[in-house]
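Working through the structure, step by step
Chain by chain, the residues:
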Amino acid sequence: MLENIRESSQGMAAKIILGLVILTFALAGIGSYTNSTDTSVADVNGEKITQQDFNKAYQAQRNRMQQQFGDMFENLAADPTYMANFRNGIVDNLINERLVDQNSANLSIKVSDDRIKETIRTMPEFQIDGVFDNNRYLAMINQAGFYQSSDFRDYLRLEMSRRQLTQALVASEFSLPYQSSMAAKLQNQKRDIRFATIDLEQFKSAIAVTEEEIKNFYQENQARFMNQEKVKVNYIALNVADIAKDVMVSDDDVKAYYEENIKDFRQEEQRKISHILIEINDDEAKDKAEAESILAKINAGEDFAELAKKYSADTFSGENGGDLDWLERGSMDEVFDEQAFALNGVGDVSNVVKTEYGFHIIKLTDLKAEETQPLSDVFEELKVTVSNQKAQEEFFVLQQEMARVSFEFPDSLDDAAEAVKAKIMTSDWLSRAGNSAPFETPKAIDAAFSDLVLTENLNSDVIEVSDSMAIVMRLNEHQTANVKPLDEVTEAIKATLIAQKAKEEARSTVDALLAKLKSGTDISDKLVQYGTSFETKADLARFATDVERSIVDKAFTLAHPKEGSVSAGLSDLSNGGFALIEVQAVNTVEADLDANIQNQQVNQLAQSAYLSYVEALKANASITKNSLVTSVN
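Residues numbered from 1 in each chain as written. Predicted model: local features only at pLDDT ≥ 70, side-chain atom pairs only at ≥ 80, totals over all residues. Heavy atoms only, no water.

**A closer look at the overall build of the protein**
- Counting its regular elements, the protein contains 25 helices and 21 strands.
- Computed over the C-alpha atoms, the radius of gyration of the protein is 37 Å, more than 25% above the 26 Å expected from 2.2 N^0.38 for a compact globule of 633 residues.
- Buried positions account for 35% of the 633 residues belonging to the protein.
- Carbon and sulfur atoms make up 49% of the accessible area of the protein, which totals about 37600 Å². (Helix = DSSP H or I, 4+ residues; strand = E, 2+ residues; numbered from the N terminus. Rg over C-alpha atoms; globule rule 2.2 N^0.38 Å. Buried < 20%, exposed > 50% of the residue type's maximum accessible area, 1.4 Å probe, protein only. Areas by Shrake-Rupley, 256 points an atom, 1.4 Å probe, with all protein chains shown as cover.)

**As for the sheet that holds strand S2 (residues 47–49)**
- Strand order in the open sheet made by the three strands is S2-S1-S21, with antiparallel pairing throughout. The open sheet terminates on both sides in strands that have one partner only, identified here as S2 and strand S21 (623–625). Recorded for the sheet is a direction-independent mean angle of 20° between the axes of neighbouring strands.
- Bridge count between strand S1 (residues 42–44) and S21: three bridges; the pairing is antiparallel. Paired with Ala 42 across the strands is Lys 625, a residue of S21. (Pairing = 2+ DSSP bridges. Axes fitted to C-alpha atoms, helices over the stretch in contact; angles between N-to-C directions.)

**So, the sheet that holds strand S5 (residues 190–198)**
- Across the sheet, four strands lie side by side as S18-S5-S20-S19; this open sheet has antiparallel pairing. Each end of this open sheet is capped by a strand with a single partner; those strands are strand S18 (535–541) and strand S19 (567–572). Between one strand axis and the next, the sheet turns through 30° on average, direction left out of account.
- In this sheet, strand S20 (residues 578–587) lies alongside S5 in antiparallel orientation, the contact comprising nine bridges. Each bridged residue has a counterpart across the sheet, and for Ala 196 the counterpart in S20 is Leu 580.

**Quick word on the environment of Glu 408**
- Within the secondary structure layout, Glu 408 lies in helix H18 (residues 375–408).
- Considering only alpha carbons, one finds Glu 408 and Gly 358, 50 residues apart in sequence, at a separation of 64 Å.

**Describing helix H6 (residues 113–122)**
- Taken residue by residue, H6 has Ile 116, Lys 117, Ile 120 and Arg 121 as its buried positions. Looking straight down H6, one finds its buried side chains confined to an arc of 130°; they lie on one side. (Arc of directions from axis to C-beta.)

**With respect to helix H7 (residues 134–143)**
- Of all the residues in H7, the buried ones are Asn 134, Tyr 137 and Ile 141. Projected down its long axis, H7 carries its buried residues within an arc of 55°, all on one side.
- Phi turns positive, to about 100°, at Gly 145, one or two residues after H7.

**Some words on the packing of aromatic side chains**
- Here the structure, examined in full by the defined rule, presents 16 aromatic pairs.
- With a centroid separation of 5.7 Å and 50° between ring planes, the pair formed by Phe 132 and Tyr 137 is classed as tilted.
- Classification of Tyr 137 as buried rests on a relative accessible area of 0%.
- The interplanar angle of 25° and the centroid separation of 5.8 Å between the aromatic rings of Tyr 218 and Phe 225 together place this pair among those described as stacked. (Phe/Tyr/Trp six-rings, centres within 6.5 Å; stacked < 30°, edge-to-face > 60°.)

**Some words on the confidence of the model for the protein**
- Per-residue confidence for the protein gives a mean pLDDT of 84; residues scoring 70 or more make up 91%.
- Within the protein, no element has a lower average pLDDT than helix H1 (residues 2–8), which sits at 40, and none a higher one than strand S14 (residues 425–426), at 96.
- Per-residue pLDDT stays below 50 along residues 1–35; that stretch engages in 13 contacts with residues further than four places along the chain or on separate chains. (pLDDT = per-residue confidence, 0-100. Contact = heavy atoms within 4.5 Å.)

**A few points about the side chain of Gln 399**
- The topology assignment puts Gln 399 in helix H18.
- The residues touching Gln 399, leaving out its near neighbours within four places in the chain, are Leu 238, Val 462, Glu 464 and Ala 470.

**What about unusual backbone geometry?**
- A cis geometry characterises the amide bond from Ala 437 onward to Pro 438, with omega recorded as 5°.
- Positionally, Pro 438 belongs in the loop between S14 and helix H20 (442–448).
- Backbone geometry places Asn 45, a non-glycine residue, at a positive phi of 55°.
- One can find Asn 45 in the loop between S1 and S2.
- Positioned with a positive phi, Ser 108 is a non-glycine residue whose angle comes to about 60°.
- For Ser 108, the location among the structural elements is in the loop between helix H5 (80–106) and H6.
- Assessed through its relative accessible area of 52%, Ser 108 is described here as exposed.

**Focus on a nonpolar patch on the surface**
- A contiguous nonpolar surface patch, about 280 Å² in accessible area, is contributed by Phe 69, Met 72 and Leu 76.
- Mapping Leu 76 onto the fold places it in helix H4 (residues 71–77).
- What makes Leu 76 partly exposed here is its relative accessible area of 36%. (Patch = residues over 30% accessible without salt bridge, like charges linked within 9 Å, V, L, I, M, F, W, Y side chains within 5 Å. Salt bridge = Lys/Arg side-chain N within 4 Å of Asp/Glu carboxyl O.)

**Concerning the packing of helix H3 (residues 51–69) against H5**
- It is at 10 Å that the axes of H3 and H5 come closest, and there the two elements cross at 120°. Taken together, the axes of H3 and H5 lie oblique to each other. The way H3 lies across H5 gives a crossing that is right-handed. Residue-level inspection shows Asp 53, Phe 54, Ala 57, Tyr 58, Gln 61, Arg 62 and Met 65 of H3 in contact with H5, the latter providing Tyr 82, Met 83, Phe 86, Arg 87, Ile 90, Val 91, Leu 94 and Arg 98.
- Looking at the contact of H3 with H5, its residues break down into ten nonpolar, one polar and four charged. (Parallel < 35°, antiparallel > 145°, perpendicular 65-115°, else oblique. Left-handed = near helix turned anticlockwise from the far one by under 90°. Nonpolar A, V, L, I, M, F, W, Y, C, P; charged D, E, K, R; others polar.)

Pasting the structure below:
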């Protein structure tokens, strides 16, 4: 019956119904976006922060986190609470930026065109061999989503205005010499201490745990004793690399591939073009007349490059005499492209050409003829390419056959394995995450834990775990998630309860010892009873590594010792035990002013000043946050 259902789902009627369902959702989606619902995520003094603004910032920040933390961030992203805080943090940052932008506008902070131009020209991203390259500039801003130079300039202007305000704010912070001197003294301060460590093990032997306590702990901590759901599968795999080992490639195969893809080995004609651009403003006729006037000067013998520097609205190319560097067909506006490639000889100049950007005068300054790379130069490279291509083609054919046979005979992998000459293999135990290849991908794991495999006990669909590998699997063994029986975890629970009670007993003991120490009582004999004694450490540095970190940290948080009182405290040790710590003397070390310390203090003060500035803006602002942000995954 299940097989009949699967076959029916492939019929024309089912596809028509599915198409109607998709169309219904599509139309509903269109309607939802064309209504007047406010989809902004926040409102700052009447200015909306749109869902698009949020999505862009969210994706950028998520990409940065993934690049920096990798799988660790993926684990965090699985926590709904963490991601809710993550999204809210992005909204808060957008609100802060909008407040700063508004304040910049109120203060009339502006960035000049010349500074924008100079900044772009000096950005290393747009340079080749240290020199600004206009083609690289246009390609990179297009790749970043800025399809007009003006869009990128506006974006850069906003960022520089924002930075100008914040840098002016934080740059005003400074650290006085006495503050730096105090910080240096604190960092270089040393202390004479004595400490004794109390181990937990000695308290465990006298502790008893009842069956009732074990049972109660088991009932209250079921989640700690879960067996994770696991599955073991049989599977067959197709791999392009294995197929390629048996592929034969002849010289004729390589030659045929070369001829069929000759365009890939042909360097198209390239032209080095310069232009002068006159933008169209309110009076188009006047602008065209200006372009005609410049063309007349060129025809009269005036220097094209000098006229470009003087008149061209494209200031970047204008500074280089209008040079746009090397161009191929299709790289510019269609009308511009047609006129540029209609010029016959180096030095030829076009008539005035109108495009959507304005009126152009185009000059051909150099020419590279079309070149074709000979087959002999690329033969070995193409042999590998053809081999991989043939293997890939065979891979797809076998993949289709594997899909067909495993579907037609869903109760076994034998037929499919025989059809594609594959070996049936068995996986290790698989869990929902952290598996080795080829089961490390979500698609493979979803299939392994699907109802089709687990419940219906049928072959899975073909799973493309990568562009070069596909697998089909079926159930071998399944272990459901369940609570381990009490008998299995009794000893572990007993050990946990003993450790807890031992820690409580030890804490009570060291609290009593600390009280006696602070009262001035000699506790040396008491310490011997617990198998320890005081260890003295003179001139302990704040960043010492020869004493456990928790002891050092506690020693430097205790008060300076005074006559008639004892400065002492407790610290939790990494092994679960405790340390009694007494500060006996504080030794101040004179230190020269440290530039690093001064910089640290200035940075801390600057950060505090910026946060205070933003909080002040918030206090006087009207801010509304919407909840739509929580819908973003």
